[in-house]
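Letter by letter, the chains look like this.
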Number of protein chains: 2
Amino acid sequence: MSNISDLIEQYLKSLISNSPRDFVEIQRSQLAVRFSCVPSQINYVLTTRFSTGHGYLVESRRGGGGYIRIVKIPLDQRAGLILDISELIGDAISQNDAEGMLGRLIEEELISLREARIMQAAVGRYPQLVEAQTQEHLRAAILKTMITAVLRD
Amino acid sequence: MSNISDLIEQYLKSLISNSPRDFVEIQRSQLAVRFSCVPSQINYVLTTRFSTGHGYLVESRRGGGGYIRIVKIPLDQRAGLILDISELIGDAISQNDAEGMLGRLIEEELISLREARIMQAAVGRYPQLVEAQTQEHLRAAILKTMITAVLRD
DNA sequence: AAGACTAAAGTCAGTTAAGGTCAAATGGAA
DNA sequence: TTCCATTTGACCTTAACTGACTTTAGTCTT
């Protein structure tokens, strides 16, 4: 567990949850100094852990006085919810993104931990049975069907 | 009796029983060095001695900072149950039988209706993505993993 | 206002660090 | 001998990390 990316992720999430609003602004280079890594690693963390699928929106500005703003987007309970989620999932999804999605549903208390565990199991890899590319499509299809099944009504 | 696999098995089990929690995290390559064997032998030990049938759950992560986590499923009535169910499912199952299985789990109040709906969605047909025969194997694999995931603890 | 300079952040391909898979070779017991 | 468990190694996939190069925005001269 001792990789820097995880530490940066935790740090950013704690910043957000401690902030009165649902966002933070950071400076990429400063953060890189704090964690003794190259600046581009911050981008790596952002793309692997703060994607829209994970429920975040990242805005930034270059040049002097530049910044990166990370906004947490709540999944609100309106009618189009399932549609939005389906759209986010698309017709193919990696295991990582699928798990991010599940994490988000838990946070929003739309599904329980047990339910998430079930879905996580279904969204795993089955290499001897399904080829890698097909797997991503299948995963998307199953995930969408499961989420629809549990969130309807 | 003094084959390496047995030694690795013993070692891992002692690690688990000496741990305050019911799991351990190891690094495959390090363990391989400790026992002077190739890394893939660790996988062999895991699949032959730490399967769900043996009451364990193995999770892992690749890449930098990767690890293997071995979780011991607490040995109560349910452990035997998982074993029985796994055996019933076998390595292939039709959609119909899968749904029957889920029906029974509901009756026994081992899973909720919502949970059943999720699982039902996951064991549906995905004809454009997976061939019929493969489908039955995949369904069995997913169903077993899901049931293990939800009935543990 | 234009151009030069400076201060950010972005991109992307390449390297390193894990673990996974599979099939072939080996070895021991019935 | 035959069969099954074990052992091995070649090759694959995934995740993390790095650094050179690019782009954008602000600031300072002239």
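Conventions adopted
- Residues numbered from 1 in each chain as written.
- Chains lettered and ligands numbered in written order.
- Predicted model: local features only at pLDDT ≥ 70, side-chain atom pairs only at ≥ 80, totals over all residues.
- Helix = DSSP H or I, 4+ residues; strand = E, 2+ residues; numbered from the N terminus.
- Buried ≥ 20, exposed ≤ 12 C-beta atoms within 10 Å, placed from the backbone.
- Contact = placed C-beta atoms within 7 Å.
- Pairing = 2+ DSSP bridges.
- Axes fitted to C-alpha atoms, helices over the stretch in contact; angles between N-to-C directions.
- pLDDT = per-residue confidence, 0-100.
- Near = placed C-beta within 6 Å.
- Nonpolar A, V, L, I, M, F, W, Y, C, P; charged D, E, K, R; others polar.

**Concerning the overall build of chain A**
Counting secondary structure elements, chain A contains 7 helices and 3 strands. Element order for chain A, N to C, with α for helix and β for strand: α-β-α-α-β-β-α-α-α-α. If one aligns the C-alpha atoms of chain A with their principal axes, the spans along those axes are about 50 × 40 × 25 Å. The 153 residues of chain A split such that 25% are buried. Contacts in chain A between residues far apart in sequence, at least 24 positions, make up 60% of those at least 6 positions apart.

**Examining the interface of chain B and chain A**
Each partner contributes to the interface: chain B provides 23 residues, whereas chain A provides 24 residues. Elements represented by at least two residues in the side of chain B that touches chain A include exactly helix 6 (113-122) and helix 7 (132-151) of chain B. Among the elements that make up the side of chain B that touches chain A, the one with the highest residue count is helix 7 of chain B (9 residues).

**Details of the sheet that holds strand 3 (residues 67-72) of chain A**
All names here are of chain A. The 3 strands are arranged 1-3-2 in an open sheet whose pairing can be described as antiparallel. With one partner strand each, in any of the chains shown, strand 1 (23-26) and strand 2 (56-61) form the two edges of the open sheet. Between one strand axis and the next, the sheet turns through 15° on average, direction left out of account. Judged from the 4 bridges that link them, strand 1 and strand 3 form a sheet pairing that is antiparallel. The residue of strand 3 that forms the bridge with Val 24 is Ile 70.

**Focus: the confidence of the model for chain A**
Here chain A averages 93 in pLDDT, while 97% of its residues score no lower than 70. When pLDDT is averaged over each helix and strand of chain A, the minimum, 89, is found for helix 4 (residues 81-89) of chain A and the maximum, 98, for helix 3 (residues 39-49) of chain A.

**Things to note about the pairing of strand 2 of chain A**
Residues and elements named next belong to chain A. The pairing of strand 2 with strand 3 spans 6 bridges and is antiparallel. Opposite Leu 57, over in strand 3, you have Val 71 as the bridge partner. In this structure, the hairpin formed by strand 2 and strand 3 is closed by a connection of 5 residues, where Gly 63 is found at a positive phi of approximately 70°.

**Regarding the protein's contact with DNA strand C**
Neighbouring residues of DNA strand C: 28 residues in total, closest A:Arg28, A:Gly66, B:Arg28, B:Ser40 and B:Gly66. Residue assignment for the surface near DNA strand C shows that the elements contributing at least two residues are helix 2 (28-34), helix 3 and strand 3 of chain A together with helix 2 (28-34), helix 3 (39-49) and strand 3 (67-72) of chain B. Sorting elements by how many residues they give to the surface near DNA strand C places helix 3 of chain A first, with 3 residues. Each residue belonging to the surface near DNA strand C can be placed in one class, and the counts come to 6 nonpolar, 18 polar and 4 charged.

**What about the sheet that holds strand 1 (residues 23-26) of chain B?**
All names here are of chain B. Strands sit in the order 1-3-2 across an open sheet of 3 strands; the sheet is antiparallel. The open sheet is flanked by strand 1 and strand 2 (56-61), the only strands paired with a single partner. Within this sheet the neighbouring strands show an average axis-to-axis angle of 15°, counted without direction.

**Notes on the protein's contact with DNA strand D**
Around DNA strand D sit 30 residues, and of these A:Ser40, A:Gly63, B:Ser40, B:Gly63 and B:Gly64 come closest. Of all the secondary structure elements, the ones that give two or more residues to the surface near DNA strand D are helix 1 (4-18), helix 3 and helix 5 (95-107) of chain A together with helix 1 (4-18) and helix 3 of chain B. Split by residue class, the surface near DNA strand D holds 9 nonpolar, 18 polar and 3 charged.

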